[in-house]
Amino acid sequence: TRFPKILSLNPLPELAGALVVNYKILKPSEYNSWNEVFSANPNVEQFLLTPGDYTNWGALASNRSGTAAHPIIVRYYDSNASLPYDPVHPVELKKKNQEAIIEGFKFSNNNYWILSGLTIRGKSEGKDGAIGGMKNSITNSDHIVIDYSLFENVTTGGIRIVNGSYNYIQNNVFRQLDIRLNGDGGAIAIQATRDDISGYNVVSGNEISNFNDGIGLPREGHGDTSATAMLGDTPGNVFEGNDVYITSINYTQGGKYACAENAFDFKNGTVTQDKVKVIGNRMWGFRPSDPACGPSGSNGTAITLHRNAKNITIEKNIFFDVPIGVNILASDKKF
């Protein structure tokens, strides 16, 4: 009668209590950039975004880090609401024209941040005549939480985690409303450079629709001897309770093909026993790819394991309206 409880969610007690002493209420007209915000408020731990369009501030980026006891929080706030710190999801806020909209975020060598209740719908990039937002990134950063937010019309990819561990991507909606923005990317990708790891990240409770790939563990660069080759390890990552699907806006030739590939595309895994876990997800709507509209090609499998995928546990998932549930391919000889 109901979907199973998602066990991997971060309960975020930091958002449940009273406001910290050091907080700042933000309005779009008060600053010109996120750099100005953080420079002017070096000791603020909690930034409250009132409804409005903050995209002109550019990407949310900072050289600061929080701590386990005092993370830096950027969250939605509406003083006119009955529960100013506890909004409905931004999907519903959009209908009311009450969102707090940012261009995107770039975490690099930052730790202990929480973003919650925001809309990420940028206008700094685009593709094939469509306007979209930037690809968001978490690089060399740990303990970042992206919670309860809406990612809409990003260019090619939503979030890429590189050499990041113990991050949470949860309770978000990722959706492409203009398929022209898609490319050979996906909503969420986790990867690591040579001899490094991106491990123990949790992607749970998200709804992902109409991306080329939903969630992926890419592995690229065999033969590349540089330190930046994406050949690292991805142990202990958990993907639980996500809905990943495509709809008819993605179909071509009357629904025979799609401008998309897979719900989960795993080219990597782990050499450790800290297995990658794919638990209790729901996937539907995929079709064999139509390369004429962007994807590199797939037979429409919900979960595909190839290249260097290993030590992956797949259990309690639901597949429907797809050609194949799980596809296990031989190792790619290039890798």
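Structural data are supplied above this passage.
Computed from a prediction, not measured in an experiment: that's the story for all the values here.

1. A few points about the pattern of salt bridges
And step 1. Evaluation of the coordinates by the stated rule reveals 11 salt bridges.
And step 2. The closest approach of N and O atoms between Arg-121 and Glu-152, which form a salt bridge, is 2.7 Å. With Arg-121 in the loop between strand E8 (119-120) and strand E9 (125-127) and Glu-152 in strand E13 (residues 150-152), this residue pair connects regions lying 31 residues apart in the sequence. Grouping residues by exposure puts Arg-121 and Glu-152 together as buried.
And step 3. For Arg-282, the salt bridge goes to Asp-243, with nearest N and O atoms at 2.5 Å. Of the two residues, Arg-282 is situated in strand E27 (residues 282-284) and Asp-243 in strand E22 (residues 243-245); the sequence distance between them amounts to 39 residues. For the pair Arg-282 and Asp-243, one class covers both residues: buried.
And step 4. Linked by salt bridges that have partners in common, Lys-94, Glu-99, Arg-121, Glu-152 and Arg-175 make up one network.

2. Details of empty space enclosed by the protein
And step 1. Counted according to the given criterion, the structure contains 1 cavity of 30 Å³ or more.
And step 2. Taken as a whole, the largest cavity encloses approximately 30 Å³ of empty space.
And step 3. Lys-135, Gly-157, Ile-159, Arg-160, Gly-185, Gly-186 and Ala-189 together form the lining of the largest cavity.
And step 4. Those elements giving two or more residues to the lining of the largest cavity turn out to be strand E14 (159-162) and strand E17 (186-191).
And step 5. When grouped by side-chain class, the residues that make up the lining of the largest cavity number 2 nonpolar, 3 polar and 2 charged.

3. Side note on the nonpolar core
And step 1. Counting residues in each nonpolar core, the largest one holds 57 residues, and the members touching the most others are Trp-34, Leu-60, Phe-239 and Phe-264.
And step 2. Excluding residues within four positions of it along the chain, Phe-264 makes contact with Ile-215, Phe-239, Val-244, Val-278, Asn-281, Met-283, Ala-302, Ile-303 and Thr-304.
And step 3. Counting 5 residues, the second-largest nonpolar core is a separate cluster that includes Leu-12, Leu-15, Ile-114 and Val-145.

4. Things to note about the pairing of strand E4 (residues 72-76)
The side chains of a regular strand alternate between the sheet's two faces.
And step 1. Among the 5 residues of E4, 5 are classified as buried, and the element is accordingly described as predominantly covered.
And step 2. Covered by surrounding structure in E4 are Ile-72, Val-74 and Tyr-76 together with Ile-73 and Arg-75, the residues of both alternating faces.
And step 3. The pairing of strand E2 (residues 46-49) with E4 spans 4 bridges and is parallel. Paired with Leu-48 across the strands is Arg-75, a residue of E4.
And step 4. Of the pairings in the sheet, the one linking E4 to strand E7 (residues 111-116) comprises 4 bridges and is parallel in character. Among the inter-strand pairings, Arg-75 is bridged to a residue of E7, identified as Ser-116.

5. Digging into a nonpolar patch on the surface
And step 1. Taken together, Phe-3, Ile-318 and Phe-320 make up a surface patch of nonpolar side chains, about 300 Å² in accessible area.
And step 2. Looking at the element boundaries, Ile-318 is found in strand E30 (residues 318-320).
And step 3. Residue Ile-318 is classed as partly exposed on the basis of its relative accessible area, which comes to 40%.

6. What about the packing of aromatic side chains?
And step 1. Evaluated as defined, the whole model comprises 17 aromatic pairs.
And step 2. A ring pair is formed by Tyr-54 and Trp-57, whose centres lie 4.9 Å apart and whose planes are at 85°; its orientation type is edge-to-face. Here Tyr-54 and Trp-57 have matching classes, each one buried.
And step 3. Ring geometry for Phe-151 and Phe-174: centres 4.4 Å apart, planes at 10°, overall stacked. Taken together, the positions of Phe-151 in strand E13 and Phe-174 in strand E16 (residues 173-175) put the pair 23 residues apart, joining distant regions of the chain.
And step 4. Through a chain of ring-to-ring contacts, three or more aromatic side chains come together here, namely Tyr-31, Trp-34, Phe-38, Phe-47, Tyr-54, Trp-57, Phe-105, Phe-107, Trp-113, Phe-151 and Phe-174.

The rules behind each value
- Residues numbered from 1 in each chain as written.
- Predicted model: local features only at pLDDT ≥ 70, side-chain atom pairs only at ≥ 80, totals over all residues.
- Heavy atoms only, no water.
- Salt bridge = Lys/Arg side-chain N within 4 Å of Asp/Glu carboxyl O.
- Helix = DSSP H or I, 4+ residues; strand = E, 2+ residues; numbered from the N terminus.
- Buried < 20%, exposed > 50% of the residue type's maximum accessible area, 1.4 Å probe, protein only.
- 1 Å grid on protein atoms, 1.4 Å probe; cavity = no way out; pocket = protein on both sides within 12 Å on 5 of 7 lines; lining within 4 Å.
- Points joined across faces, edges and corners; volume = space filled by probe spheres on them.
- Nonpolar A, V, L, I, M, F, W, Y, C, P; charged D, E, K, R; others polar.
- Core = buried A, V, L, I, M, F, W, Y, C linked by side-chain atoms within 4.5 Å.
- Contact = heavy atoms within 4.5 Å.
- Pairing = 2+ DSSP bridges.
- Patch = residues over 30% accessible without salt bridge, like charges linked within 9 Å, V, L, I, M, F, W, Y side chains within 5 Å.
- Areas by Shrake-Rupley, 256 points an atom, 1.4 Å probe, with all protein chains shown as cover.
- Phe/Tyr/Trp six-rings, centres within 6.5 Å; stacked < 30°, edge-to-face > 60°.

The quantities given are spatial measurements derived from coordinates; they are silent on function.
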